[in-house]
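# Overview (structure and organization)
What follows is the residue order along each chain.
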Amino acid sequence: MSGFKNPTRDPLALRVALTLLAVGFVGLLLVLPLVIVFKEAFADGVGKAWEAIIEPDSLSAVKVSLLAAAIAVPLNTLFGISAAWAVAKHDFRGKTFLVTLIDLPFSVSPVVSGLVYVLIFGMQGWFGPTLADHDIHVLFALPGIVLATMFVTFPFVARELIPLMVDQGRDEEEAATSLGASGFSTFWRVTLPNIKWGLLYAVLLCNARALGEFGAVSVVSGHIRGQTNTMPLHVELLYNNYDYVGAFAVAALLALLALLTLIFKTILEWRYADELAAMLRR
Amino acid sequence: MSLIIDSVSKRFARFPALNGVSLTAPQGAFLALVGPSGSGKTTLLRILGGLEEADSGQVRFADMNWLSMPARERKAGFVFQQYALFKHMTVAQNIAFGLEVRPRATRPSRSEIRDRVAELLKLVQLDDLGKRYPSQLSGGQRQRVALARALAIEPRMLLLDEPFGALDAKVRKELRIWLRHIHDQAGVTSIFVTHDQEEAFAMADLVAVMNLGKIEQYGAPADVRRDPRTKFVSDFLSA
């Protein structure tokens, strides 16, 4: 272990200390909370936790959350791909402004963005009275929840894809054009296959965040039990009513959904390891 | 049936890239654009390929108003400096690309495409590598795939941007002879960009020496060498 033999190796004590620090951090900040969620959920046994989940209000919250994510994630994927494609493969006026705008939801507090929708669609807001006249409900209904979720998760896909697509440059697209491919054909056969792994990762992140969003949705949802409560909102409601098993059971389900997406991603990476390696090599 | 470039100009945001470039070349010529970096040779090539738009000027090629045609209708086979092969496709799929993307009416059948790809693989001496991915090939092999891909569309014009730029000296010399041979066989008009004057003069029928967005001298290699018209050309040739 002397420094002479291994000039690139740090002293043993330093290595042990740094490793412990890293493992300690991960354990304390990531693993421990997850373990506690499941432990609390099963505090009164698996039966009780299961009952808390199949209770109608909880099921409704699961349904609202999944529905909102099922609408918001595909739309954001579509917007994200087009935005990244425009920014990375083309030059136009106001490009920097567009990139800043895409980042906006990351810098604005979710609660503020929720309030903005209240100002726009609320009864005292710009469009509220008109919408009410036509019996269209945005606030305290699914459309409001979807809008708030979309706003908060808007940057995920574009943010992941822009650096990736900028890094890949325009060479392959130019080659495709010179070989006679149309714009759509170029996108479908060349651009999309090159970004598919980054895209998958972005969609999974976007989905996880969409399911977990609390602040913005909390403002626009109205917390109507069994109607407009999402899973995170339902967790809060149960917790505030001292129903700890219920709260942690729904929280555990939410965590499980997140874990499932991660497992799904890992399986895909394992299944396509060769292709991934070939793509990463240049 | 010739190539006529008439006072083509192009300005980028900060600097002029081409200042009224004109030249004429007969059909089937092998033309080299040679000059230091920033002389505008690549810009001219990209304008001919439709990857860049000229601000002013005209190009007629085989009696077509060349610059008014969209890039994808020009059938200009472009070979890029970094090859720009499609990383996620096999060599065979790369070569077939230009045929696969044709509209249904003009697209060859599956078996015709397969035969054409096999033929081209043979031409570029990569017969057994059709199923490989570009990342599994050497630089010289990638270069040949890029050329086969460009030839697959039966190009009217072959545009080569520093095609040997990333290769070592020995491979360059071999590919030179081979590329010239392919050009003669295919009977296309080829335009070849290089900063290496020795390469340009060894391969081309006609050489255009460029500097600062202008053509300093244009003619047959022997004539240019014998009688350099400007100080820049004589300096460039002796460098």
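Residues numbered from 1 in each chain as written. Chains lettered and ligands numbered in written order. Predicted model: local features only at pLDDT ≥ 70, side-chain atom pairs only at ≥ 80, totals over all residues. Heavy atoms only, no water.

With that settled, consider the overall build of chain A. When helices and strands are counted, chain A shows 14 helices and zero strands. Counting only C-alpha atoms and orienting by the principal axes, one finds that chain A spans roughly 60 × 60 × 30 Å. A buried classification covers 40% of the 282 residues belonging to chain A. Once local pairs closer than 6 in sequence are excluded, the contacts in chain A between residues at least 24 apart make up 72%. (Helix = DSSP H or I, 4+ residues; strand = E, 2+ residues; numbered from the N terminus. Buried < 20%, exposed > 50% of the residue type's maximum accessible area, 1.4 Å probe, protein only. Contact = heavy atoms within 4.5 Å.)

Along its length, chain B carries nine helices and 10 strands. By the compact-globule yardstick of 18 Å for 239 residues, chain B fits well, its C-alpha radius of gyration being 18 Å. In terms of overall dimensions, chain B has a C-alpha envelope of 55 × 40 × 35 Å along the principal axes. Counting only residues that meet the buried cut, chain B has 54% of its 239 residues in that class. In chain B, once contacts between residues fewer than 6 apart in sequence are set aside, the share between residues at least 24 apart is 68%. For chain B, the accessible surface area stands at approximately 10900 Å², while carbon and sulfur atoms represent 48% of it. The centroid of the 33 positive side-chain charges in chain B is displaced by 5 Å from the centroid of its 26 negative side-chain charges. (Rg over C-alpha atoms; globule rule 2.2 N^0.38 Å. Areas by Shrake-Rupley, 256 points an atom, 1.4 Å probe, with all protein chains shown as cover. Lys, Arg positive; Asp, Glu negative; His and termini not counted. Charge placed at Lys NZ, Arg CZ, Asp CG, Glu CD.)

Here B:Arg116 is to be found in helix α4 (residues 110–123). Leave out the neighbours within four places in its chain, and B:Arg116 touches B:Leu99, B:Leu151, B:Ala152 and B:Glu154.

What follows covers the pairing of strand β3 (residues 30–34) of chain B. Remember that side chains alternate between the two faces of the sheet whenever the strand is regular. All names here are of chain B. Along β3, five of the five residues are buried, which leaves the element largely enclosed by surrounding structure. The alternating pattern of β3 places Phe30, Ala32 and Val34 on one face and Leu31 and Leu33 on the opposite face, and all of these are buried. Across four bridges, β3 lies against strand β9 (residues 206–211) in parallel orientation. Residue pairing across strands places Ala32 opposite Val207, the latter belonging to β9. (Pairing = 2+ DSSP bridges.)

Here the focus is empty space enclosed by the protein. All names here are of chain A. Counted according to the given criterion, the structure contains one cavity of 30 Å³ or more. As for the largest cavity, its lining consists of Ser65, Ala68, Ile145, Thr149, Ala210, Leu211, Glu213, Val217 and Thr230. Breaking the lining of the largest cavity down by element, the ones donating at least two residues are α3 (56–89), α7 (142–153) and α10 (183–212). Residues belonging to the lining of the largest cavity are distributed by class as follows: five nonpolar, three polar and one charged. (1 Å grid on protein atoms, 1.4 Å probe; cavity = no way out; pocket = protein on both sides within 12 Å on 5 of 7 lines; lining within 4 Å. Points joined across faces, edges and corners; volume = space filled by probe spheres on them. Nonpolar A, V, L, I, M, F, W, Y, C, P; charged D, E, K, R; others polar.)

Residue and element names in this part refer to chain B. Taken in spatial order, the six strands make up an open sheet running β6-β7-β8-β3-β9-β10, and their pairing is mixed. Both outer strands of the open sheet, β6 (76–79) and β10 (214–219), are each paired with one neighbouring strand and no more. Across the sheet, the axes of successive neighbouring strands diverge by a mean angle of 15 degrees, strand direction being ignored. With five bridges joining them, β3 and strand β8 (residues 189–194) adopt parallel strand pairing. What sits directly across from Phe30, in β8, is Ser190. Across the sheet, helix α5 (residues 139–152) lies against β6 and β7 (157–161), angled at about 170 degrees from β6, the strand it touches most. (Axes fitted to C-alpha atoms, helices over the stretch in contact; angles between N-to-C directions.)

Among the surface-exposed residues, A:Leu14, A:Leu18, A:Leu21, A:Phe25, A:Val26, A:Leu28, A:Leu29, A:Leu30, A:Val31, A:Leu32, A:Val35 and A:Ile36 lie close enough to one another that they form a single nonpolar patch of about 1100 Å² accessible area. With respect to the element layout, A:Leu29 can be found in helix α1 (residues 12–41). (Patch = residues over 30% accessible without salt bridge, like charges linked within 9 Å, V, L, I, M, F, W, Y side chains within 5 Å. Salt bridge = Lys/Arg side-chain N within 4 Å of Asp/Glu carboxyl O.)

Turning to the interface of chain A and chain B, a few remarks are in order. Contact residues are listed per partner, giving 21 residues for chain A and 23 residues for chain B. Around 2100 Å² of area is buried between chain A and chain B when both sides are counted, 61% of it from carbon and sulfur atoms. It is A:Ser178, A:Leu179 and A:Arg189 that lose the most area in chain A upon contact with chain B, and together they represent 31% of the buried surface on that side. Where chain A packs against chain B, one counts two salt bridges. Between B:Arg46 and A:Glu174 there is a salt bridge, with its nearest N and O atoms 2.6 Å apart. Taken together, the links from chain A to chain B amount to three residue pairs in polar contact (both at pLDDT 80 or more). Of all the elements in the fold, those that place two or more residues in the side of chain A that touches chain B are α9 (171–178), α10 and α14 (273–280) of chain A. (Buried area = accessible area lost by both parts, 1.4 Å probe. Polar contact = N/O pair within 3.5 Å; in protein donor to acceptor, adjacent residues only side chain to side chain.)

Inspection of every chain in the model, using the stated rule, returns 16 aromatic pairs over all chains. Ring plane angle 45 degrees and centroid distance 6.4 Å describe the contact between A:Phe79 and A:Phe154, whose orientation is recorded as tilted. Here A:Phe79, found in helix α3, pairs with A:Phe154, found in the loop between α7 and α8 (155–168); they are 75 residues apart in sequence, far enough to count as distant. Ring pairing ties together the aromatic residues A:Tyr117, A:Phe121, A:Trp126, A:Phe127 and A:Phe151, which thus form one cluster. In this structure, A:Arg271 packs its charged tip against the face of A:Tyr272, placed 4.7 Å from the ring centre. Here the basic side chain of B:Arg149 rests over the ring of B:Phe86, its NZ or CZ set 4.6 Å away from the ring centre. (Phe/Tyr/Trp six-rings, centres within 6.5 Å; stacked < 30°, edge-to-face > 60°. Lys NZ or Arg CZ within 6 Å of the ring centre and 35° of its normal.)

Considering only enclosed or pocket space, the largest pocket measures out at about 550 Å³ in volume. Along the walls of the largest pocket sit 21 residues, with B:Ala92, B:Gln93, B:Ala96, B:Glu100 and B:Ile113 positioned nearest its centre. Contributing elements (two or more residues each) for the lining of the largest pocket: α10 of chain A together with α3 (91–100) and α4 of chain B. The element contributing the most residues to the lining of the largest pocket is α4(B), with six residues.

In this section: the packing of α10(A) against helix α13 (residues 244–271) of chain A. All names here are of chain A. Where α10 meets α13, the axes come as close as 10 Å, and the angle between the chain directions of the two elements is 175 degrees. As the angle between them shows, α10 and α13 are arranged roughly antiparallel. Residue-level contacts link Trp197, Leu200, Tyr201, Leu204, Asn207 and Leu211 of α10 to Leu254, Leu257, Thr261, Phe264, Lys265, Leu268 and Glu269 of α13. A breakdown of the residues in the contact of α10 with α13 according to their chemical character gives nine nonpolar, two polar and two charged. (Parallel < 35°, antiparallel > 145°, perpendicular 65-115°, else oblique.)

Residues and elements named next belong to chain B. An order of β2-β1-β4-β5 is seen for the four strands of this open sheet, with the pairing classed as antiparallel. The sheet terminates laterally at β2 (16–26) and β5 (64–65), the two strands that pair on one side only. As paired elements, strand β1 (residues 2–11) and strand β4 (residues 56–61) share five bridges and run antiparallel to each other. Paired with Ile5 across the strands is Val59, a residue of β4.

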